[in-house]
Amino acid sequence: MKSSNTFFNMKAGVLFLVFLPAVFASCKKALDSAPDGKISLDEVFSDSVKVAAYLNTCYDNMPAKGTRYFFWSRGPVVWSDEAWDTDAEAEPTLSAGRMYSGNAAASNHPAMDVSADAGNGSYWARYWNAIYNCSYFLSRIRDVTAVDASVRNRWKAEAHALRAYYYSELLKWFGAVLPIQSAPYNYKDDFTSLKKASYYEVTKFIIADCDSALATGELPWRIDNPGEAGRVQKALAEAIKSKMILFAASPLNNGGQDYWQEAYQINKASLQHLRDNGYALYNKVNFPQTYLADNAFIGPDKNEKAALYNEYFTQSMAYANQPVDKETIYQSRDGQGNIWDIDGIGAQDGYKSGTCPSQELVDAYETTNGLPVLDLANPYLDEQHLEPNYNPDNKQYDPARPYENRDPRFYASIYYNGSKRYCLWNFDEAPESPENYPAAKGVRTRIIATYVGEPQTGIDPAVRKATRTGYFERKFLHPTSSNNNVVGGANWKLFRLGEVLLNFAEAAAEAGQLGEAAEAVNEIRRRVGMPDLPAGLSKEQLILRVRHERRVELAMEENRYFDVRRWTSPGGDLAKTDKWITAAEIKRNANGSYSFGRRVVRPTPRACYTNKFLWLPIPLNEASILLSNTGVNWQNPGW
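Values in this document were obtained by computation on a predicted structure and should not be read as measured data.

Looking only at helices and strands, the chain has 20 helices and 10 strands in total. Across the chain, the fraction of contacts at a sequence separation of at least 24, relative to all contacts at a separation of at least 6, is 71%. When the accessible area of the chain is evaluated, it comes to approximately 22,500 Å², of which 49% is carbon and sulfur surface. Charge centroids of the chain, computed over 71 positive and 75 negative side chains, lie 2 Å from each other.

Confidence along the chain averages 92 in pLDDT terms, with 93% of residues attaining 70 or more. When the criterion is pLDDT under 50, residues 1-34 qualifies, and its contacts beyond four places in sequence or with other chains add up to 98 contacts.

Once that is clear, we can look at helix 17 (residues 514-527). With 14 residues, helix 17 ought to run about 20 Å at 1.5 Å a step, and its terminal C-alpha atoms sit 20 Å apart, in line with that. Among the residues of helix 17, those classed as buried are Ala517, Ala518, Ala520, Val521, Asn522, Ile524, Arg525 and Arg527. In the core, the buried residues of helix 17 are packed alongside helix 12 (304-313), helix 15 (408-413), strand 8 (493-496), helix 16 (497-510) and helix 18 (539-553). Immediately downstream of helix 17, the backbone of Gly529 shows phi near 80°, a positive value.

Right, let's talk about the environment of Gln541 for a bit. Relative to the helices and strands, Gln541 resides in helix 18. What makes Gln541 partly exposed here is its relative accessible area of 41%. The sequence separation of Gln541 and Ala509 amounts to 32 residues, and the corresponding C-alpha distance is 9.7 Å. In this structure the side chain of Gln541 is engaged in a polar contact, spanning 2.9 Å, whose partner is the backbone nitrogen of Ser538.

This paragraph deals with unusual backbone geometry. Here the residue pair Tyr437 and Pro438 is connected by a cis peptide bond, since its omega of -5° sits within 30 degrees of zero. Take Pro438: it is sitting in the loop between strand 5 (419-425) and strand 6 (442-448). Unlike most non-glycine residues, Lys65 shows phi in positive territory, near 55°. Within the secondary structure layout, Lys65 lies in the loop between helix 3 (48-59) and strand 1 (83-85). Assessed through its relative accessible area of 5%, Lys65 is described here as buried. With a phi close to 60°, Phe71 is a non-glycine residue in the positive phi region. By relative accessible area, Phe71 is classed as partly exposed at 35%.

It is worth spelling out the side chain of Ser80 at this point. Turning to its location among the elements, Ser80 is positioned in the loop between helix 3 and strand 1. Polar side-chain contacts of Ser80 include one of 2.9 Å to the backbone oxygen of Val77. Ignoring any residue separated from it by four or fewer positions in sequence, one finds Ser80 in contact with Arg560, Tyr561, Asp578, Ile581 and Arg606.

A few words now on the packing of helix 7 (residues 149-174) against helix 8 (residues 199-214). Across the interface, helix 7 lies against helix 8 with an axial gap of 7 Å and an inter-helix angle of 160°. On the basis of the axis angle, helix 7 is roughly antiparallel to helix 8. For the element pair helix 7 and helix 8, the recorded crossing hand is left-handed. Across from Ala157, His160, Ala161, Arg163, Ala164, Tyr167, Ser168, Leu171 and Lys172 in helix 7, the residues of helix 8 making contact are Tyr199, Val202, Thr203, Phe205, Ile206, Asp209, Cys210, Ser212 and Ala213.

Quick look at helix 8 now. Its 16 residues place the ends of helix 8 22 Å apart at the C-alpha level, agreeing with the 22 Å of an ideal helix rising 1.5 Å per residue. Packed against the buried residues of helix 8 are helix 7, helix 9 (234-249) and helix 10 (260-276).

This next bit is on the packing of helix 10 against helix 16. For the pair helix 10 and helix 16, interaxial distance at closest approach is 8 Å and the crossing angle is 150°. Taken together, the axes of helix 10 and helix 16 lie roughly antiparallel to each other. The two elements helix 10 and helix 16 meet at a crossing, and its hand is left-handed. Touching Trp260, Ala263, Tyr264, Asn267, Lys268, Leu271, Leu274 and Arg275 of helix 10 are Leu497, Val500, Leu501, Asn503, Phe504, Glu506, Ala507, Ala508 and Glu510, all from helix 16.

Charged atoms that come close allow side chains of opposite charge to pair. Under the definition given, this model contains 52 salt bridges. A salt bridge links Glu228 to Arg231, with the nearest nitrogen and oxygen atoms 3.1 Å apart. This pair shows no difference in class: Glu228 is buried, exactly as Arg231 is. Lys579 is the salt-bridge partner of Glu383, the closest N and O atoms lying 2.9 Å from each other. Within this pair, whereas Glu383 is found in the loop between helix 14 (359-364) and helix 15, its partner Lys579 is found in the loop between helix 19 (560-566) and strand 9 (582-588), the two being separated by 196 residues in sequence. The exposure class assigned to Glu383 is partly exposed, which follows from its relative accessible area of 46%. Shared partners join several salt bridges into a network, and the residues in it are Glu327, Glu366, Asp407, Arg409, Lys475, Arg496, Arg525, Arg527, Arg545, Glu549, Glu553 and Glu557.

Conventions used here
Residues numbered from 1 in each chain as written. Predicted model: local features only at pLDDT ≥ 70, side-chain atom pairs only at ≥ 80, totals over all residues. Heavy atoms only, no water. Helix = DSSP H or I, 4+ residues; strand = E, 2+ residues; numbered from the N terminus. Contact = heavy atoms within 4.5 Å. Areas by Shrake-Rupley, 256 points an atom, 1.4 Å probe, with all protein chains shown as cover. Lys, Arg positive; Asp, Glu negative; His and termini not counted. Charge placed at Lys NZ, Arg CZ, Asp CG, Glu CD. pLDDT = per-residue confidence, 0-100. Expected span 1.5 Å × (residues − 1). Buried < 20%, exposed > 50% of the residue type's maximum accessible area, 1.4 Å probe, protein only. Polar contact = N/O pair within 3.5 Å; in protein donor to acceptor, adjacent residues only side chain to side chain. Axes fitted to C-alpha atoms, helices over the stretch in contact; angles between N-to-C directions. Parallel < 35°, antiparallel > 145°, perpendicular 65-115°, else oblique. Left-handed = near helix turned anticlockwise from the far one by under 90°. Salt bridge = Lys/Arg side-chain N within 4 Å of Asp/Glu carboxyl O.

Listed below in structure tokens is the structure:
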């Protein structure tokens, strides 16, 4: 679905591509030209092939997400309390290092002013560009006679769904600082009348676009032809509705209004429509020869539930009528690269580890009896998270054996001290690593030792290939991938049924539908063999468990960054979650046993927890132009 976009040759970083007369005065000639620069747009929309090419431009700004943020970073995953990025010390001028130090301004923000590799970054310009393309396409497609009516209807539905997606992304990142613009603008338009819409109003506009797509019979529920990989479908529209009404009802965004009943009803309908059209949780190990093999080491004793969970995230969805993966709703069109080299265990190939899961994330995984390790209402007794407030009802958890008897999703998602990996290790072992010495460079099984002083995989405050936290990311890493078994990261799952289930669970709990909420959470838990939630939980207790389940089930999938924000009040901050990030400080004893402690990753707090970091800033020049044109300050607080 890729094509050139030279007909829309706006400067990167300019929003009011969309809205400002000054921009349109300079770009009118480009807009009056077609993709090849030689024919008019009237000619484009009189030719079916050229109309299809224009629709392709509506897809050009779809992001790859995952590891495809600047310099193979996971972006919002490592900007949240889920993980620490080893590049923050190795390359402190990159995005994570700048976020942690608070080196951010409206004129130069690390989450915005990065290379837009694979569609990540430069959101303000890219998404408004895309919204214009979709709106212009919608304004012209109804009069196109060169295209069969059924094809025309499908293309129109795709443009509606795509515009809904781009608006939802802007709303997630920037909040209620957006105008609603359904018609394509003209460079002669009066932009002084622009008005900021509320979060709820923009959400309703997004839902209306989704409903337009869903009402179109020609738009399929699932793409079953590999030749149409990446095209949007009805399932995407339902997933967008599910997420955005949940966000609109949340404390940060609801403007003091109660939208939970509406969020419950929309999510209930969306979930049912997805089920009715074949979407279901991934619930079977389909490649046992890989994920249950002796050398896969996914959990103790070949844990089948852990294997199934890891298999799901390390396989791309196939485009087929009856795919093995019926859970993924929409995946990126781009792969994630050789992530064992840039986002796994850095010592494996000698480069960098990238995403290191935090001790806070590890603390979130329950024990197999279904009980949280910590008190969910007050997980830590101190500001720095060095004093865990253990759940007194959990007798199964032993701080001296912290990795035993944990939720299978822990073993599928985290490499920890004592876990194993079979692959090509690109170094000879040294005596300082007695768990693995002697062993030569080559394909072999290695014990992942993360204790202080371990020369290859041990914790270190600065070495790029080491771990900052005592843990390595495993969730998206094929169990044996390496330079001799080149299996890159799977296409990124932007939306999946598991998330929609948890959206519904949260909305139901907040709306007082406690039984339905608990059952949705239990469906997620049963998939991995975890016990049902206890019966008789109060509304407050159930909301805590739903939020906790989101943290575990959706770990490192870019949801936590937005969740902790939308659960915060407009005047609040992220001091309890994002200010301090801790690590496992493990020491190897003379007899080969280990002592487990905790330490902060960095002796100074991360600076990206304050109120202004709840939202990204509108780029400074765009905010200034908005102010001068409307007389209203559109900028987010603190910027």
